[in-house]
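Coordinate analysis (summary)
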Amino acid sequence: MHLDFNEEKAEHDALKIIIVGGGVMGLMQARELALKGWQVALIDKNVCGNEASWAGGGIISPLYPWRYCDAVTALASWSQTYYPNLIQSLEAESDIDPELSRQGLLMLAVDDAERALAWADDHQRWLQTIDSEEMYRLEPGLREGLQQALWMPQVASVRNPRLLKALKRIVQDHPKISVHEVDRVVAIQADEYTPSVTTEQGHRFEADSVLVCSGAWTSELLQLPAMGIRPVKGQMILFEAPKGAVNRVVLSHGKYVIPRRDGLVVAGSTLEHAEFDKTTTTQALEELGDAAITMFPGLARGRIIHQWAGLRPGSPKGIPFIGAVPEQPGIWVNAGHFRNGLVLAPASIRLMSSLLCNEIPPVDPKPYDPIHRLNPSPAFSGDSVKLES
């Protein structure tokens, strides 16, 4: 069975693209390319926005950002600057508030603070050491005995399920976008002029380009194990907490708590290599609960009302693949953002659009280029910087 993108609304002279994967990357990319006049078919094996993009915490910053390589920092910095305007646009287009909160990021027990401060100076990021008086002014509910912390007041967070809901409404209502859910892509046919995809339900789509934004499933779908994009499970919990128990994002020993506007508190997350298993565990519930209560003893008076898991697209050194797929003409990829998909999304989308539309890219595209990364030359050093998680 052959399907057109949208038989009633398709423009025969418009460029056409098939986007495989309806997470934050796929949804944002569909919106941006449609705004540029492309005809878009967005295909997801489940319901759009229901995988890792939904499951994350929504912090618009890498955790411990100074521990990441320059390739990740470049995308994060561009995105963080762009996010406030993006959120305003999405709310205006969808009439859904993604709940952007600019409460800052407070980091406790940081053992490489000097490195953090040097990184902030080099990259012109607002990060400072604060003493106990300032710390407890910001967060009165913190456990007693803390002496100092690192503070990034400009870090924001977004309620990612609402962000995805806004994006989904926009793409579903857009005349240049057709959305096809619960239909898994089973084959991608590379062709310089007319690449195509075939789905489990027997649908076949042809276009000028195919863009794979399938997160943890990307290596498998492209049949490119050398990309090394693998699922990394992260479990999260939700506290019904006393009012004002937590007021901003707080990070300690790799675990974090995030207050929501409705008064609930998110706590996360685990890092588990469990293939494609999203089962939640009692061990993770106890680990996350203990970590959150250690930071904020008042949370012990609340109760845990929900637990869930998502599969992050882990990739070598945590650097996403953005660009043309080698030896597969007409096929592109934007995936492998590990635990930073939300914060890296706007810059990744803009970079991908610039490559497709022959525009000036927002950052140097080479560190993310699959062709260089899978066939490295001696002059290419994009993979030489180790990423710490």
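Residues numbered from 1 in each chain as written. Predicted model: local features only at pLDDT ≥ 70, side-chain atom pairs only at ≥ 80, totals over all residues. Heavy atoms only, no water.

**Let's talk about the packing of aromatic side chains**
With the rule as written, the count across this model stands at 4 aromatic pairs. For the cation-ring pair, Arg-67 lies above Tyr-64, with the distance from its terminal atom to the ring centre recorded as 4.1 Å. (Phe/Tyr/Trp six-rings, centres within 6.5 Å; stacked < 30°, edge-to-face > 60°. Lys NZ or Arg CZ within 6 Å of the ring centre and 35° of its normal.)

**Considering the environment of Pro-195**
Structurally, the position occupied by Pro-195 is in the loop between β7 (185-189) and β8 (196-199). The class of Pro-195 is buried, set by a relative accessible area of 0%. Between the alpha carbons of Pro-195 and Ile-17 there is a distance of 9.3 Å; along the sequence they are 178 residues apart. In this structure Pro-195 touches Gln-189, Phe-205, Glu-206, Ala-207, Asp-208, Ser-209, Val-210, Pro-329, Gly-330 and Ile-331, once residues within four positions along its chain are discounted. (Helix = DSSP H or I, 4+ residues; strand = E, 2+ residues; numbered from the N terminus. Buried < 20%, exposed > 50% of the residue type's maximum accessible area, 1.4 Å probe, protein only. Contact = heavy atoms within 4.5 Å.)

**Re helix α4 (residues 113-123)**
The α-helix advances 3.6 residues per turn, and as a result positions three or four apart in sequence lie on the same side. When we look at burial in α4, the residues that qualify are Ala-113, Ala-116, Trp-119 and Ala-120. The buried residues of α4 occupy an angular sector of 120° when the element is viewed end-on, so they sit on one face. In α4, the exposed positions that point more than 90 degrees away from the buried face belong to Glu-114, Asp-121 and Asp-122. Close packing links the buried residues of α4 with α3 (70-94) and β5 (148-152). (Arc of directions from axis to C-beta.)

**Quick look at the pairing of β8**
Direction of pairing for β7 relative to β8: antiparallel, over a ladder of 4 bridges. Within the sheet, the bridge partner assigned to Gln-189 lies in β8 and is Ser-196. Pairing of β8 with strand β9 (residues 204-206) involves 3 bridges; the strand directions are antiparallel. Directly across from Ser-196, in β9, lies its bridge partner Glu-206. If you look at the hairpin formed by β8 and β9, you'll find 4 residues sitting between the two strands, and Gly-202 has a positive phi there, around 90°. (Pairing = 2+ DSSP bridges.)

**Looking at the confidence of the model for the protein chain**
Confidence in the prediction for the protein chain averages 92 pLDDT; 93% of positions are at 70 or higher. Within the model, pLDDT remains below 50 along residues 378-389, and this stretch shows 22 contacts once partners closer than five positions in the same chain are excluded. (pLDDT = per-residue confidence, 0-100.)

**Regarding the side chain of Ser-315**
As for its position among the elements, Ser-315 is in the loop between β15 (303-314) and β16 (321-324). One polar contact links the side chain of Ser-315 to the main-chain carbonyl oxygen of Gly-336, over a distance of 2.6 Å. Excluding its chain neighbours within four sequence positions, the residues that come into contact with Ser-315 are Gly-228, Ile-229, Pro-320, Phe-321 and Gly-336. (Polar contact = N/O pair within 3.5 Å; in protein donor to acceptor, adjacent residues only side chain to side chain.)

**Description of the pattern of salt bridges**
Inspection of every chain in the model, using the stated rule, returns 23 salt bridges. The salt bridge partner of Glu-181 is Lys-168, with a shortest N-O separation of 2.9 Å. Here Glu-181, found in the loop between β6 (177-180) and β7, pairs with Lys-168, found in helix α6 (residues 160-173); they are 13 residues apart in sequence, far enough to count as distant. Lys-168 sits in the buried class, given a relative accessible area of 18%. A salt bridge links Glu-200 to Arg-184, with the nearest nitrogen and oxygen atoms 2.9 Å apart. With Glu-200 in the loop between β8 and β9 and Arg-184 in the loop between β6 and β7, the pair connects residues that are 16 residues apart, well separated along the chain. What makes Glu-200 exposed here is its relative accessible area of 53%. (Salt bridge = Lys/Arg side-chain N within 4 Å of Asp/Glu carboxyl O.)

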